[in-house]
Amino acid sequence: EKERIAGTAAASPQVRAIAFAIDIAIVFLPLGSTILWNFGNEPHFLMQHWRSASIFLFIVFGFYLLIGESLGGQSLGKMLLNIVVVEDDKYRKPIGFSSAAKRLIFLALGLIPAGFGSLLAIWDSKSRTWHDKLTASAVEHKFEE
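To start, this report covers the structure provided alongside it. (Residues numbered from 1 in each chain as written. Predicted model: local features only at pLDDT ≥ 70, side-chain atom pairs only at ≥ 80, totals over all residues. Heavy atoms only, no water.)

## A short note on unusual backbone geometry
- The residue N82 is not glycine, and still its phi comes out positive at about 60 degrees.
- Tracing the sequence through the fold places N82 in the loop between helix 3 (76-80) and strand 3 (83-87).
- You can call N82 partly exposed: its relative accessible area is 35%. (Helix = DSSP H or I, 4+ residues; strand = E, 2+ residues; numbered from the N terminus. Buried < 20%, exposed > 50% of the residue type's maximum accessible area, 1.4 Å probe, protein only.)

## Re helix 1 (residues 13-39)
- Helix length check: helix 1, at 27 residues, gives a terminal C-alpha distance of 37 Å against a target of 39 Å (1.5 Å per residue), a fit within 8%.
- The largest bend in helix 1 comes to about 30 degrees, at F28, with the proline P30 one to four residues further on.
- Residues of helix 1 that are buried include every one of P13, R16, A19, D23, V27, G32 and I35, and no others. (Expected span 1.5 Å × (residues − 1). Bend = angle between axes of the 7 residues up to and from the residue.)

## Comments concerning the environment of I95
- Structurally, the position occupied by I95 is in the loop between strand 3 and helix 4 (97-111).
- Measuring from C-alpha to C-alpha, the distance between I95 and V84 comes to 9.4 Å, with 11 residues separating the pair along the chain.
- The residues contacting I95, other than those within four sequence positions of it, are E69, S70, V85, V86, E87, A100, R103 and S137. (Contact = heavy atoms within 4.5 Å.)

## Side note on helix 4
- The end-to-end C-alpha separation of helix 4 is 21 Å, in line with the 21 Å expected for 15 residues at 1.5 Å each.
- Within helix 4, burial applies to A100, R103, L107 and G110. Angular distribution of buried residues about the axis of helix 4 spans 90 degrees; they occupy a single face of the element. For helix 4, exposure combined with an orientation more than 90 degrees from the buried face picks out F97 and I105. (Arc of directions from axis to C-beta.)

## Quick word on the nonpolar core
- A11, A19, L66, I83, V85, I95, A100 and V139 together form the largest nonpolar core, which totals eight residues.
- Those residues in contact with L66 that lie beyond four places of it in its chain are F97, A100, A101 and L104. (Core = buried A, V, L, I, M, F, W, Y, C linked by side-chain atoms within 4.5 Å.)

## Description of the environment of G32
- Structurally, G32 is set in helix 1.
- Taking the C-alpha atoms as reference points, G32 and S54, separated by 22 residues in sequence, lie 9.0 Å from one another.

## Some details on the side chain of E69
- Along the chain, the position of E69 falls in helix 2 (residues 43-71).
- Taking the relative accessible area as the measure of exposure, E69 reaches 6% and is therefore buried.
- With residues near it in sequence (within four places) discarded, E69 still touches Q74, K78, V85, I95, A100 and R103.

## A word on the packing of aromatic side chains
- Summed over the entire model, instances satisfying the criterion amount to five aromatic pairs.
- Measuring from ring centre to ring centre gives 6.1 Å for F61 and Y64, while their planes differ by 20 degrees; the resulting arrangement is stacked. Note that F61 and Y64 are positioned in helix 2 at a spacing of three residues, about one turn of the helix.
- We classify Y64 as buried; its relative accessible area is 17%. (Phe/Tyr/Trp six-rings, centres within 6.5 Å; stacked < 30°, edge-to-face > 60°.)

## Overview of the pairing of strand 3
- For strand 3, the tally of buried residues reaches four of five residues, placing the bulk of the element in the interior.
- Alignment of strand 3 against strand 4 (residues 137-141), held across five bridges, turns out to be antiparallel. Along strand 4, the bridge assignment pairs I83 with H141. (Pairing = 2+ DSSP bridges.)

## Description of the pattern of salt bridges
- Following the criterion strictly, the structure yields 10 salt bridges and no others.
- The closest approach of N and O atoms between E69 and R103, which form a salt bridge, is 2.9 Å. With E69 in helix 2 and R103 in helix 4, this pair connects stretches of sequence that are 34 residues apart.
- Given the relative accessible area of 5%, R103 is considered buried. (Salt bridge = Lys/Arg side-chain N within 4 Å of Asp/Glu carboxyl O.)

By themselves, these are just geometric observations and shouldn't be taken as functional.
What follows is the structure, encoded as structure tokens:
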């Protein structure tokens, strides 16, 4: 059973994955559609610049996550599912900019080996991933007080 700490409950890996999928859709669908709309009639342009377009999309996605998680501990996907990234200590306050930046870097590194860094949440008692453990953070359901 997942650990419950002082009025909080760890978000399950499934809920976290759904929030992440929502975040991807929020960023990638509008930007990807815009790129295809503007350059779709020029396949040679897309073939030559697909790497640049992909890098641009990932940078925008990174800033999106960084801003959301550093300002209030929530991206839009997390807001919709009522979960929040907090410091893994007795105070449970949202993480700040520095921790959010480190968490984003470790997220990217943890996705490289077939997503293993994120899959660790399946076996952890508090559903923590590699990037959660390395930044002393946790993703929990947000309870109104």
